[in-house]
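Each chain, written out:
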Amino acid sequence: MDALSHYLSLAVETIFIKNILLAYFLGMCSFLAISKKVETSIGLGFAVVFVNGITVPVNWMISHYLLEKGALQWTGITGMEEVDLSFLTFIVFIATIAAMVQLVEMTLDRVSPTLYQSLGIFLPLIAVNCAILGSSLFMVEREYDLMEAAVFGTSAGVGFFLAIVTLATMRYKLKYSNVPKGLRGLGIAMLLTGLISMAYMSFSGIDL
């Protein structure tokens, strides 16, 4: 029960309190560009949940068993306990993310060509989305174990999903509002992002 409470607390904290978008403002380019339409926001949100949920635990295993100093000692080869490949972290993490994004691209192209076309260039750009890479780097910095990495990765994706869909629905409603001319478009989107961030701060008092 303590373990379940710990993972639930980590999930809530990652989704609401330390939201990858609204607390760290990572991945803002696709967040602001795609949130013009609710349908495409939902599609991108699910793609991020999938990619993040897979790549963070996979990158944990790569880091833990291949890249960290002494990670290769499991091979039983003499001298491997001194090998440190951590300088390859960025390249390997991005390669893993790119592979997962390619899988999402092929799946969407076959299952939903309309959504695939709507997402356009922003779907392959998930491979270099700083929110995705940031999740894997946070996982290393915070020294999560494998289960924590899986929960954190999925929760970070869910947090991205909720944030982008929230903004998209608000921007949809604004189509029928008399927004001052100087704030139309990106200006009002930035203001809404700040307000949503402040709203999510209300969850900071939650202690499970």
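Residues numbered from 1 in each chain as written. Predicted model: local features only at pLDDT ≥ 70, side-chain atom pairs only at ≥ 80, totals over all residues. Heavy atoms only, no water.

(A) Fine view of the overall build of the protein. When its secondary structure is counted, the protein shows eight helices and zero strands. Along its sequence from the N terminus, the protein presents helices and strands in the succession α-α-α-α-α-α-α-α. Each principal axis of the C-alpha atoms in the protein carries an extent, and together these give about 70 × 40 × 30 Å. Counting over 208 residues, the protein shows a buried share of 42%. For the protein, the exposed surface amounts to about 11200 Å²; the carbon and sulfur share of it is 67%. Here the protein holds 11 positive side-chain charges and 14 negative ones, and the gap between their average locations is 25 Å. (Helix = DSSP H or I, 4+ residues; strand = E, 2+ residues; numbered from the N terminus. Buried < 20%, exposed > 50% of the residue type's maximum accessible area, 1.4 Å probe, protein only. Areas by Shrake-Rupley, 256 points an atom, 1.4 Å probe, with all protein chains shown as cover. Lys, Arg positive; Asp, Glu negative; His and termini not counted. Charge placed at Lys NZ, Arg CZ, Asp CG, Glu CD.)

(B) Main features of a nonpolar patch on the surface. A surface patch of nonpolar side chains, amounting to about 490 Å² of accessible area, comprises Met61, Tyr65, Leu66, Trp74 and Leu146. In terms of residue count, helix H3 (residues 38-67) provides more of the nonpolar patch than any other element does, three residues in total. By the element assignment, Leu146 lies in helix H7 (residues 146-174). (Patch = residues over 30% accessible without salt bridge, like charges linked within 9 Å, V, L, I, M, F, W, Y side chains within 5 Å. Salt bridge = Lys/Arg side-chain N within 4 Å of Asp/Glu carboxyl O.)

(C) Region of interest: the packing of aromatic side chains. By the definition in use, this model includes seven aromatic pairs. A ring pair is formed by Phe46 and Phe161, whose centres lie 4.8 Å apart and whose planes are at 45°; its orientation type is tilted. Placement of the pair is Phe46 in helix H3 and Phe161 in helix H7, with a sequence separation of 115 residues. Accessibility expressed as a relative area gives 18% for Phe161, which makes it buried. When the ring of Tyr200 is compared with that of Phe203, the centres are 6.1 Å apart and the planes differ by 70°; the resulting orientation is edge-to-face. Residue class for Tyr200 comes out buried when judged on its relative accessible area of 11%. What makes Phe203 partly exposed here is its relative accessible area of 28%. Among the aromatic residues, those joined into a ring-pair cluster are Phe16, Tyr200 and Phe203. (Phe/Tyr/Trp six-rings, centres within 6.5 Å; stacked < 30°, edge-to-face > 60°.)

(D) Region of the structure containing helix H1 (residues 2-17). Here H1 spans 21 Å end to end across 16 residues, near enough to the 22 Å set by a 1.5 Å rise per residue. The set of residues buried in H1 consists of Leu10, Ala11, Val12, Thr14 and Ile15. Residues of H1 that are buried in the fold lie against H7 and helix H8 (186-200). (Expected span 1.5 Å × (residues − 1). Contact = heavy atoms within 4.5 Å.)

(E) How the structure looks around the pattern of salt bridges. One pass over the structure, following the stated rule, counts one salt bridge. The salt bridge partner of Lys18 is Glu13, with a shortest N-O separation of 3.7 Å.

(F) Structural detail: helix H4 (residues 89-111). Helix length check: H4, at 23 residues, gives a terminal C-alpha distance of 33 Å against a target of 33 Å (1.5 Å per residue), a fit within 8%. Among all positions of H4, only Thr89, Phe93, Thr96, Ile97, Met100, Val101, Val104, Glu105 and Leu108 are buried. Buried residues in H4 make contact with H3, helix H5 (113-119) and helix H6 (130-141).

(G) Structural view of the nonpolar core. By size, the foremost hydrophobic cluster in this structure holds 51 residues, and its most contacted members are Phe31, Leu44, Val51, Ile126, Met139 and Phe160. Counting residues per element, the ones that place at least two in this core are H1, helix H2 (28-34), H3, H4, H5, H6, H7 and H8. (Core = buried A, V, L, I, M, F, W, Y, C linked by side-chain atoms within 4.5 Å.)

(H) Representation of the UniProt feature "transmembrane region" (unreviewed entry) in the protein in the model. If you check UniProt for "transmembrane region" (unreviewed entry), the listed places come out as residues 15-34, 46-67, 87-108, 120-140, 146-170 and 182-203 in our numbering. Summarising residues 182-203: 68% helix, 0% strand, and an end-to-end C-alpha distance of 32 Å. (UniProt positions renumbered as here; feature names shortened; annotations may be inferred.)

(I) Expanded view of the packing of H3 against H4. Interaxial distance between H3 and H4 falls to 9 Å at its minimum, and their mutual angle equals 145°. For the element pair H3 and H4, the recorded crossing hand is right-handed. Listed contacts from H4 to Ala47, Phe50, Val51, Ile54, Thr55, Val58, Asn59, Ile62, Ser63 and Leu67 of H3 are Thr89, Val92, Phe93, Thr96, Ile97, Met100, Val101, Leu103 and Val104. In terms of residue class, the contact of H3 with H4 is built from 14 nonpolar, five polar and no charged. (Axes fitted to C-alpha atoms, helices over the stretch in contact; angles between N-to-C directions. Left-handed = near helix turned anticlockwise from the far one by under 90°. Nonpolar A, V, L, I, M, F, W, Y, C, P; charged D, E, K, R; others polar.)

(J) The environment of Ala95, seen in detail. Structurally, Ala95 can be placed in helix H4. With 32 residues separating them along the chain, Ala95 and Ala127 place their C-alpha atoms 8.2 Å apart.

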